Amino acid sequence: MLGIVGVSHKTAPIEVRERVAFAGDSLAEALRQLVAVPGVGEAMIVSTCNRVELYAGVDDKAALDSLMRFLIDERQLPSSLRAHVYAHDGHDALRHLFRVAASLDSMVVGESQILGQVKDAYAAALDAGTLGPVLQRAVPRAFALAKRVRTETDVARSSASIASAAVDLAAQIFGQLEGRHVLVVGAGKMGELSARHLKSAGIGELSVVNRTHARAVELADKLGGRAAPWDELDRLLGKVDIVLCSTGATEPVLRKDRVAKAMRARKGRWLFFIDIAVPRDVDPEVGSVENVYLYDVDALERVVAQNRAQRQNEAAEAEAMVDAELVRYREHEQSLGAVPTIKLLRARFLEVALAEVERIGARVGDKERAAMQQMAEAIVNKLLHTPLTKLKKDAAEHPDSELPSLVRALFDLHTGHTEEIRVDLDGEPDQKKAAK
Amino acid sequence: MPPLFPATMALYGVSCALYLAHLMAGSVGLARAARGALAAAFASQALDIAWLCTRGLHPAVNAREALSFAAWLICGAYLLASVKNRVPVVGALVVPVTMVLDVAARLSPSREASHGVSTLGAVHITLATAGVALFAVAAGGAVIYLIEERALKAHRAGVLFKKGPALETLDTLNRRCITIGFPLFTAAMVLGAVWGVQLHDKLFTPQYSIAVAAWIMYAVLLVARVTAGWRGRRAAIMTLGGFATSLTVLLIYFVRGFGGAAL
C-alpha cells in the first residue's frame, strides 16, 4: 500500500521545513537508503520550500513507522519537532497524493509549480531505480488528475498576488503586453519586484525615473531598462502605457490636472497606473480621467482577495474530482484481485487450443498452421471476453467475492498453468511463449 | 420557407450553446468550435439566399427577407471581424441576436410583391443592410466595452473581467467595423437618394432624414478618432448612438414595409 510521511506548510514553520529538506545532490542517496528500510519496497521524495514528503510502497503499518523513524533519524529532528511530522497510509495517503499534485494542498491553492515539482521527484526516483508497482500506478494517476483539475476547473485561472493581479489587469486593458512601454516612478524595492513581474510578462520598453537620478540608473541597470531625469516625467507620461509608482513621497506625485494634460497629448490612448506606494503617489481623482485606470494597493488587494475566494470555490469542485478519482482507483485496484484467476483461466484455454493446433498442424504446412494458431487464439479471446469482464467487475465491486475461487475450482486451475506463460498486468498473454 | 432553414437554425443553436459554454468554462477549444459552427450556419444560410436568387428574388426583396438577410450579414460581419480579433464574447452576443432576427423573419408575414424592387433599389438595400450589419457588430463590441470598462474603473472583477477581450481589442474591433461599414452605408445613402427621387420626386423622407443623422454620427466618430483621439468609452457611446439611429430607419421599413420606398 501507499504510505506518506512528511512535513508541510500546514504543519511546520519554515525553520522545520528547512531542516528536513533534501538537497538535490543528496536525493539519490537518500532514496537508496529509504528502499533499504525494512518493509519499504519503493520510494519517492518530494522536497520543496513548502513541503518535504517521503512517498513509499509499504508492507504494513510497522513499515510506515519505520519510514517515520527514517525521516526523524536521517534529518536528526529533536523530539520537540516530531509533532510537526504527519503520516498517511492506504486510502488517506492516496487522497493526499492526489490533492498535492492537483495543488489543492498548496499554500496558494491552484499554483502551478507543485505539479512540476512532483514530476521532478518522480523522475528522480525513476533514475535512482526506487520506483515500484504502487508508486508507478498511483503517481501517474495523480498527474492525470492534476491535469484534468487544471483544465476543467478555474482553480488555477486567477492571479493570487498583487504583482500578478497587476499584470492581469494590464492584459485586460491592452491585450498583449509585448511591446508595451512601462514607466517605473521611484526606485523602491516593491517597485523593483513588480517591475520584474511585468518584465517577465513580456513588456517591451522600461524607463525609470527617480528624484535621485543615480538610484534610477542603478534600478534601470538591474531591470535592463533606461533611466530618465525626474523632469522628463511629464514627457514620458505622454508616451508610456503603464506607470508603476513606488516612491517614498508623502504627498501625491501625480495629480488629476497633470494626468489630464498628458492624456490630451496621448490622444486618449489608455493609461494604466499601478500605485503600490504607501502613502499613495497618485491622487485617487486621477482614476476619474477618461481612459485612465488607477489601481492602488487596496484596489489590487481587493482583486487578489476576490480571486482567492474564487479559487476556494473552484477548489470544492476539484475536491469532488479527487473523490471521484479515488473511487475509480479503488475499483481498479480491487479488480486486480481477479488478475491471477484471469491469467490462469486464459492460460488453460490457450493451452488446450494450441495443443489442438499442434496436433492437427503437424499434417499441414507452416502457413496454414500459423493461420490455425491465430484462429485458435481469436476464438479463445472471444469466448473468454464476457467471463473475464464479469470476473473483473465482480472483484471491483465485491473485494471478498468467492467467484474467483469458484472459477478456479470449476476449471481445476492452479499456478502450474502459468509458469510457462508470461502474462502482463492486464492479462494479455505473450503469444510466442504461449505457443510453446 | 427556404429549404435549409431548419439546418441553419440548428447550426446557429449549436454555435450559440458552444459560445455560452465557452463563457462558462473559458475553454479556447469551445470558442473555436463555436466559430466553426457559426461559419457552417453562415454557409448554410448563404445557400438559402442563393436559392432565393435563383428564383429571381433579391435577398432583401421585402421586410421579412431583409430581416433574415440582415441577420446573415451580421453573422458574416462578425466572422470577418473575428479573423483578426478573437472576441468570442462578442460572438456570444451576436449569435443569439442573429437567431432571434432569423426566427422573427420567418414568423413575420410576407407582404410585398416579390418583383417590386428595381436594380438600383436592390443595390441600395444590400449596401445599407451590409453597413448596418457591421455597425451591429461594432455596437455589440461597444456594449461589452462599456460593461468591462465600468468593472475595471470600479475595481470589480466580474465574469467579463476574466473571459472578455481586452479593452484595446474591443476598441480595435469597433474601429475596423465602422471603417468598413461607413463607406458601404455612404454608398447606400447616395443610391437611396437617387432611388427616392425616382420614386417620390423628393429626397427628404422621414427615414432618410434619420439615416442622415446616423451617417453624421458615424462620420463625426471617424473624424474625431483621428483628430481628437476619440476612443474607448466615448467611441463606444457614439457607436451605440449611431447604431440606435440606423436601427430606427430599419424598424420604420420593417413596420411600414418597403412598399417601393427608398431611403
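Read on for an overview of the structure. Computed from a prediction, not measured in an experiment: that's the story for all the values here. (Residues numbered from 1 in each chain as written. Chains lettered and ligands numbered in written order. Predicted model: local features only at pLDDT ≥ 70, side-chain atom pairs only at ≥ 80, totals over all residues.)

## As for the overall build of chain B
Thinking step 1. Scanning chain B from terminus to terminus reveals nine helices and zero strands.
Thinking step 2. Mapped in sequence order, the helices and strands of chain B form the string α-α-α-α-α-α-α-α-α.
Thinking step 3. For chain B, long-range pairs separated by at least 24 residues make up 81% of all intrachain contacts whose partners lie at least 6 apart in sequence. (Helix = DSSP H or I, 4+ residues; strand = E, 2+ residues; numbered from the N terminus. Contact = placed C-beta atoms within 7 Å.)

## A few points about the sheet that holds strand β1 (residues 2-8) of chain A
Backbone hydrogen bonds are what pair the strands of a sheet, in a parallel or an antiparallel way.
Residue and element names in this part refer to chain A.
Thinking step 1. In spatial order, the strands read β2-β3-β1-β4; together these four strands make up an open sheet with antiparallel pairing. Unpaired on one side and paired on the other, β2 (40-47) and β4 (86-89) mark the two borders of the sheet. Looking at each pair of strands side by side, their axes are set apart by 15° on average, direction ignored.
Thinking step 2. When β1 meets strand β3 (residues 51-58), the two strands line up antiparallel, connected through seven bridges. When the bridges of β3 are listed, isoleucine 4 appears paired with tyrosine 55.
Thinking step 3. Its contacts with the sheet place helix α6 (residues 133-152) against β1, β2 and β3, and it is angled at close to 40° to β2. (Pairing = 2+ DSSP bridges. Axes fitted to C-alpha atoms, helices over the stretch in contact; angles between N-to-C directions.)

## Side note on the packing of helix α4 (residues 90-101) of chain A against α6 of chain A
Residues and elements named next belong to chain A.
Thinking step 1. Running from N to C, α4 and α6 point in directions that differ by 40°, and their axes come no closer than 8 Å. Relative to α6, the element α4 is oriented oblique. The way α4 lies across α6 gives a crossing that is right-handed. Contact residues: α4 offers Leu94, Leu97, Phe98 and Ala101, while α6 offers Ala138, Ala142, Phe143, Leu145 and Ala146.
Thinking step 2. In terms of residue class, the contact of α4 with α6 is made up of nine nonpolar, no polar and no charged. (Parallel < 35°, antiparallel > 145°, perpendicular 65-115°, else oblique. Left-handed = near helix turned anticlockwise from the far one by under 90°. Nonpolar A, V, L, I, M, F, W, Y, C, P; charged D, E, K, R; others polar.)

## Some details on the environment of valine 286 of chain A
All names here are of chain A.
Thinking step 1. Following the sequence through the fold, valine 286 ends up in the loop between β9 (271-275) and β10 (292-296).
Thinking step 2. Residue classification places valine 286 among the buried positions, given that 25 C-beta atoms sit within 10 Å.
Thinking step 3. Discounting chain neighbours no more than four positions away, the residues touching valine 286 are Leu254, Lys256, Val259, Phe273, Val292 and Leu294. (Buried ≥ 20, exposed ≤ 12 C-beta atoms within 10 Å, placed from the backbone.)

## Quick word on helix α5 (residues 113-128) of chain A
The periodicity of an α-helix, 3.6 residues per turn, causes residues three or four positions apart to be oriented the same way.
Residue and element names in this part refer to chain A.
Thinking step 1. Given a rise of 1.5 Å per residue, 16 residues ought to cover 22 Å, and the 23 Å separating the end C-alpha atoms of α5 matches this to within 8%.
Thinking step 2. Turning to α5, its buried residues are Ile114, Leu115, Val118, Ala121, Tyr122, Ala124 and Ala125.
Thinking step 3. Summarising the contacts, the buried residues of α5 are in contact with α2 (27-35), β2, α4 and α6.
Thinking step 4. Directly after α5, the chain includes glycine 129, whose backbone phi takes a positive value near 70°. (Expected span 1.5 Å × (residues − 1).)

## A short note on the interface of chain A and chain B
Thinking step 1. Contact with chain A, which involves 21 residues of that partner, is made by 17 residues of chain B.
Thinking step 2. Elements represented by at least two residues in the side of chain A that touches chain B include exactly α7 (162-174), β10 and α12 (297-335) of chain A.
Thinking step 3. In terms of residues, the side of chain A that touches chain B owes the most to one element, α12 of chain A, which gives five residues.
Thinking step 4. The residue inventory of the side of chain A that touches chain B, partitioned by class, reads eight nonpolar, eight polar and five charged.

## Topic: the environment of tyrosine 145 of chain B
All names here are of chain B.
Thinking step 1. As for its placement among the helices and strands, tyrosine 145 is situated in helix α5 (residues 119-153).
Thinking step 2. Its 28 C-beta neighbours within 10 Å are what place tyrosine 145 among the buried residues.
Thinking step 3. Each C-alpha atom of the pair tyrosine 145 and asparagine 174 lies 9.6 Å from the other, and the pair is 29 residues apart in sequence.

## Notes on the nonpolar core
Thinking step 1. If you look at the biggest cluster of nonpolar residues, it comprises 124 residues, and the most contacted ones within it are Ala166, Ile173, Val182, Phe272 and Phe273 of chain A together with Ile74 and Val137 of chain B.
Thinking step 2. Considering each element in turn, this core owes the most residues, 16 residues, to α5 of chain B.
Thinking step 3. Leu2, Val7, Ala43 and Leu97 of chain A belong to the second largest nonpolar core, which has 54 residues in total. (Core = buried A, V, L, I, M, F, W, Y, C linked by C-beta atoms within 7 Å.)

## Structural notes on unusual backbone geometry
Residue and element names in this part refer to chain A.
Thinking step 1. Note the cis peptide between valine 278 and proline 279, where omega equals -5°.
Thinking step 2. Its place among the elements puts proline 279 in the loop between β9 and β10.
Thinking step 3. Unusually for a residue other than glycine, asparagine 291 sits at a positive phi of about 65°.

Geometric values such as these leave the question of function open.
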